[in-house]
Amino acid sequence: MDPWRHTTVLLNEAVDALSADSFTKPDQTYVDATFGRGGHSRLILSRLDPAGRLIAFDKDPEAVAVANAIGDPRFSIRHEGFSALRELPGSSVAGVLLDLGVSSPQIDNPARGFSFRGDGPLDMRMDTTRGESVADWLATADAGQIAEVIREYGEERFAVQIAKAIVARRQERGPLATTTELAQLVAGAVKTREPGQDPATRTFQALRIFINAELEELQQALEASLDILQTNGRLVVISFHSLEDRIVKQFIARHSREVFDRRAPFALPKPMKLKALDRIKPTAEEIAANPRARSAIMRVAERTGV
Ligand SMILES: C[S@@+](CC[C@H](N)C(=O)[O-])C[C@H]1O[C@@H](n2cnc3c(N)ncnc32)[C@H](O)[C@@H]1O
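A brief report on the enclosed structure follows. Just so it is clear, the model here is predicted, and its values are computed rather than measured. (Residues numbered from 1 in each chain as written. Predicted model: local features only at pLDDT ≥ 70, side-chain atom pairs only at ≥ 80, totals over all residues. Heavy atoms only, no water.)

### A look at the overall build of the chain
A count of helices and strands for the chain gives 12 helices and seven strands. Projected onto its principal axes, the C-alpha coordinates of the chain cover approximately 60 × 60 × 40 Å. Taking all 306 residues of the chain together, the buried fraction comes to 52%. Accessible surface, the chain as shown: approximately 14500 Å² in total, 51% of it carbon and sulfur. Computing the positive centroid from 40 side-chain charges and the negative centroid from 42, the chain places the two 4 Å apart. (Helix = DSSP H or I, 4+ residues; strand = E, 2+ residues; numbered from the N terminus. Buried < 20%, exposed > 50% of the residue type's maximum accessible area, 1.4 Å probe, protein only. Areas by Shrake-Rupley, 256 points an atom, 1.4 Å probe, with all protein chains shown as cover. Lys, Arg positive; Asp, Glu negative; His and termini not counted. Charge placed at Lys NZ, Arg CZ, Asp CG, Glu CD.)

The following block contains the structure:
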């Protein structure tokens, strides 16, 4: 029995956006690249007819265990990063959904080490069956590498000070092992606090993005979606912070902008692979009911026939 809950963000909006006119193609194959606890997946399945298929992905073994209990012959789950979307056959999919970032069970369970609010091992891996934990990485990385990660992925002004404090502490008392140890150390190194924000917020976000290679995976999944989506297939991406949303926005813009060849001014513009359709944010009611939805931005694009 799974004790953790996840409230799905933009549930109807995302599923509606996956198919023109609300599932005019119920016999096609769809992808939920971030199963989580299956909120979106269950609604998609309810809209498919017996010939439809839903392929889900999640890196997290706990999410995969929930998915394995679904027991619907139209549904399958793959325990791997969504960059593996590229392995699906070309033009085989009518819609791809990515609901990025972490699930509430990952943040709320202190044993996963994602949150500075509970005390737990400094892990932060979505896939606990492989790869290096944050504690392992911080035990050997040098101050320059640590500062770069915290600056790049956390947009943290005090990245250098935090990195130096981590290395100094490692030399004096051994490596950091818990979320509380890291949160306290960061609080000591961050000089000015942003109102309403824990001083460790940016550092935890940065380490999580880095250790899970989140932005690289996203870039690869977006590129793969161009190959696997059919003509008129939909790409729906929900992001939760500006680094992710920037990648999605620039990707859609790059593939939906008409490109003229300056050397051939009278030639037709280069055909576009995507048509940008929508940018949607949760309503005030949704945010009031689920504060974790507040930073969500959903972008929708459609694959053209090119
Ligand atoms: C915000 S939750 C998705 C919630 C889901 N839509 C629901 O309604 O329950 C994000 C999920 O995506 C997974 N995830 C994040 N990045 C991933 C990646 N690169 N590959 C596979 N799964 C990933 C996480 O493990 C997490 O379970």
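Following the structure, the description resumes.
### So, the sheet that holds strand S1 (residues 29-32)
If you walk across this open sheet you meet the seven strands as S3-S2-S1-S4-S5-S7-S6, and the pairing is mixed. The open sheet terminates on both sides in strands that have one partner only, identified here as strand S3 (75-78) and strand S6 (274-280). Ignoring strand direction, the axes of neighbouring strands in this sheet form an average angle of 15°. Looking at chain direction, strand S5 (residues 229-239) and strand S7 (residues 297-303) are connected through six bridges and run antiparallel. In the strand pairing of S7, Val237 is matched with Arg299. Contacting strand S4 (93-99), S5, S6 and S7, helix H10 (residues 214-228) runs over the sheet at an angle of about 160° to S5. (Pairing = 2+ DSSP bridges. Axes fitted to C-alpha atoms, helices over the stretch in contact; angles between N-to-C directions. Contact = heavy atoms within 4.5 Å.)

### A word on the pattern of salt bridges
In total, this model carries 17 salt bridges according to the counting rule given. Here Glu62 makes a salt bridge to Arg112, at a shortest N to O gap of 3.4 Å. Here Glu62, found in helix H3 (residues 61-68), pairs with Arg112, found in the loop between helix H4 (104-108) and helix H5 (134-140); they are 50 residues apart in sequence, far enough to count as distant. Residue classification places Glu62 among the partly exposed positions, given a relative accessible area of 31%. A residue is classified by how much of its surface remains accessible, and Arg112, at 5% relative accessible area, is buried. What emerges from the salt-bridge pattern is a single network uniting Arg37, Asp60, Glu62 and Arg112. (Salt bridge = Lys/Arg side-chain N within 4 Å of Asp/Glu carboxyl O.)

### A word on the nonpolar core
Where a protein is soluble and globular, its nonpolar side chains tend to be buried together. Formed by 64 residues in total, the largest nonpolar core has its most connected members in Leu98 and Leu138. Sorting elements by how many residues they give to this core places H10 first, with seven residues. Membership of the second largest hydrophobic core comes to 29 residues, among which are Phe35, Ala94, Ile238 and Ala296. (Core = buried A, V, L, I, M, F, W, Y, C linked by side-chain atoms within 4.5 Å.)

### What to know about the side chain of Asp245
Mapped onto the elements, Asp245 comes out in helix H11 (residues 242-256). Assessed through its relative accessible area of 10%, Asp245 is described here as buried. Leaving out residues up to four positions away in the same chain, Asp245 has contacts with Ser239, Ile297 and Arg299.

### So, helix H8 (residues 179-189)
Along H8, the residues classified as buried are Thr179, Leu182, Ala183, Leu185, Val186 and Ala189. Down the axis of H8, the smallest arc covering the buried residues is 165°, so these residues share one side. Among the exposed residues of H8, those oriented more than 90 degrees off its buried face are Gln184 and Gly188. Buried residues in H8 make contact with H5, helix H7 (159-173) and helix H9 (201-211). (Arc of directions from axis to C-beta.)

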